[in-house]
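# Structural features, examined
The chain contents come next:
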Amino acid sequence: MFDIHCHICYGSDDGAENLETAVEMVALARECGTTGIAATPHCNVPGSYGNYWDETLKEKIALLRSTLSERKIPVEIYEGQEIFCTDKTARLLREGKLITLNGSRYPLIEFDFYEYAQDVYEKLRAITAEGCVPVVAHPERYAFVAEEEDAVFKLKNIGCLLQVNKGSLEGRFGRDAFFASRRLMELRLADAVASDAHSPYMRTPDMRHAHELICEEYSYDYAEFLLEENPRRILRDEDTNRY
Ligand SMILES: [Fe+2]
């Protein structure tokens, strides 16, 4: 499996606190069948995590990769960010202060959970105007998605991909996120499922249960599509498929 949303850029946000914890998370992911992970620290969050792309973040990723190699944990680590979307996001992507997943056309974008729908659409259009294809992180968790039935179709029409959190499918983020995530699956509007892991103990990078759940409730092919094939295409900057 490939995980395009994971907080293993240690000491940067509310994810892994240090290198050892990040290594523990990656080792767990590997045991659970994941072979590639994008390190996606929160960034561009007003009054909170800045984490603009710089040498500090690059060095952390480099040290994580070399430590994994020394300890023979064969997981490919890709550069990325979980970008909190503001009016400045499109410009900051153009300037290289924010980055896409592994240098692809696909930035991982999150919003305030209570952001107004129209503001979301406007900011996403500004990002697509830069030639990027936004991957909306956990759309099922936003209030406007729960409140407006056609919001998910609007996001798709703008040209976004939709990344569902494994925890939403499992009911760990409340009823609204649970039902919204299931609706995205049933409508076949989800483009990827990711862990959004923050720790090796709670909100972990273990995606086996999500894979099993999708196999049981939908199909094996759909599980492979969401957890393996499409995320791999995203990380390789290939065109994604619709299921
Ligand atoms: Fe996240």
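Residues numbered from 1 in each chain as written. Predicted model: local features only at pLDDT ≥ 70, side-chain atom pairs only at ≥ 80, totals over all residues. Heavy atoms only, no water.

If you trace the backbone, Y121 turns up in helix α4 (residues 117–128). Linking Y121 and K154, residues 33 residues apart in sequence, is a C-alpha distance of 7.9 Å. In this structure Y121 touches F144, E148, A151, K154, L155 and I158, once residues within four positions along its chain are discounted. (Helix = DSSP H or I, 4+ residues; strand = E, 2+ residues; numbered from the N terminus. Contact = heavy atoms within 4.5 Å.)

Across the sheet, which stays open at both edges, the 6 strands sit in the order β3-β5-β6-β7-β8-β9 with parallel pairing between neighbours. The open sheet terminates on both sides in strands that have one partner only, identified here as β3 (42–43) and β9 (192–194). In the sheet, β3 pairs with strand β5 (residues 82–84) via 2 bridges, with the strands oriented parallel. Following the sheet pairing, H42 is matched in β5 by E82. (Pairing = 2+ DSSP bridges.)

What follows covers the coordination of the iron ion. For a metal bound by four donors in a tetrahedral arrangement, the ideal donor-metal-donor angle is 109.5 degrees, while six donors in an octahedral arrangement ideally sit at 90 or 180 degrees. Summarising the metal site, the iron ion is bound by the protein donors H5 (NE2), H7 (NE2), E82 (OE) and D196 (OD), whose distances to it range over 2.0 to 2.2 Å. Considering all 4 donor atoms around the iron ion, the spread of angles at the metal, 81 to 169°, places the coordination shape in the irregular class. Positions of the donor residues of the iron ion along the chain correspond to the pattern H-x1-H-x74-E-x113-D. Of this pair, H5 sits in strand β1 (residues 2–6) while E82 sits in strand β5, and the two are 77 residues apart along the sequence. Assigned by exposure class, H5 and E82 land together as buried. (Donors = N, O, S within 2.8 Å, 3.2 Å for Na, K, Ca; no water. Tetrahedral: all angles 85-135°; square planar, octahedral: opposite > 155°, others 65-115°. Buried < 20%, exposed > 50% of the residue type's maximum accessible area, 1.4 Å probe, protein only.)

With that settled, consider the packing of helix α9 (residues 208–217) against helix α10 (residues 220–235). At a minimum axis distance of 7 Å, the contact between α9 and α10 shows a crossing angle of 140°. Classified by chirality, the crossing of α10 by α9 is right-handed. For the pair formed by α9 and α10, the contact residues are A210, H211, I214 and C215 on the first element and Y220, Y222, A223, E224, L226 and L227 on the second. (Axes fitted to C-alpha atoms, helices over the stretch in contact; angles between N-to-C directions. Left-handed = near helix turned anticlockwise from the far one by under 90°.)

Our focus in this paragraph is the environment of D196. Note on placement: D196 falls in the loop between β9 and α9. Between the alpha carbons of D196 and A39 there is a distance of 10.0 Å; along the sequence they are 157 residues apart. When sequence neighbours within four positions are dropped, the list of residues in contact with D196 reads D3, H5, H7, E82, H138, R141, N165 and R203. A distance of 3.0 Å separates polar atoms of two side chains, one belonging to D196 and the other to R203. (Polar contact = N/O pair within 3.5 Å; in protein donor to acceptor, adjacent residues only side chain to side chain.)

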